[in-house]
Amino acid sequence: MIEMFAFVLIAAFALAGLATVLVLADSGLRWWSAFGMLRQRMKQGYSTAGVGPRPAVVTGSANGFGRQARAYPVIRQAMQRAA
């Protein structure tokens, strides 16, 4: 009975270790790819001013922490109704 528990425990640790290695490898490959793309853009003159059109700047945020354009009129309306 104890041998079976030990086998299951060792198998669980082995699977957890394998999952950890796979996640770290995936993250490493993503970083490697991102820095490779950055190096390629730097070689093309991406960092120098006036070479071409500027990269687009995305305004706002999808995570909900950005400022919303509607926030201030809503507060103003609530204050007017409270008075």
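Residues numbered from 1 in each chain as written. Predicted model: local features only at pLDDT ≥ 70, side-chain atom pairs only at ≥ 80, totals over all residues. Heavy atoms only, no water.

Moving on, we get to the overall build of the chain. Counting its regular elements, the chain contains 2 helices and 0 strands. Expressed as a percentage of the 83 residues in the chain, the buried residues total 1%. Split by element, the accessible area of the chain, about 8300 Å² in all, is 69% carbon and sulfur. (Helix = DSSP H or I, 4+ residues; strand = E, 2+ residues; numbered from the N terminus. Buried < 20%, exposed > 50% of the residue type's maximum accessible area, 1.4 Å probe, protein only. Areas by Shrake-Rupley, 256 points an atom, 1.4 Å probe, with all protein chains shown as cover.)

All right, on to the pattern of salt bridges then. Taken as a whole, this structure holds 1 salt bridge when the rule is applied. Its salt-bridge partner being R30, residue D26 comes within 3.0 Å of it at the nearest N-O pair. Taken as a pair, D26 and R30 lie in helix α1 (residues 2–43) at a separation of 4 residues, close to a single helical turn. The partly exposed category is assigned to D26, whose relative accessible area is 37%. Classification of R30 by relative accessible area gives exposed; the value is 57%. (Salt bridge = Lys/Arg side-chain N within 4 Å of Asp/Glu carboxyl O.)

Another point: the packing of aromatic side chains. Across all of its chains, the model carries 1 aromatic pair by this definition. Between W31 and F35 the ring centres are 5.5 Å apart and the planes differ by 25°, which places this aromatic pair in the stacked class. In this pair, W31 and F35 both sit in helix α1, 4 residues apart, roughly one turn of the helix. Taking the relative accessible area as the measure of exposure, F35 reaches 41% and is therefore partly exposed. (Phe/Tyr/Trp six-rings, centres within 6.5 Å; stacked < 30°, edge-to-face > 60°.)

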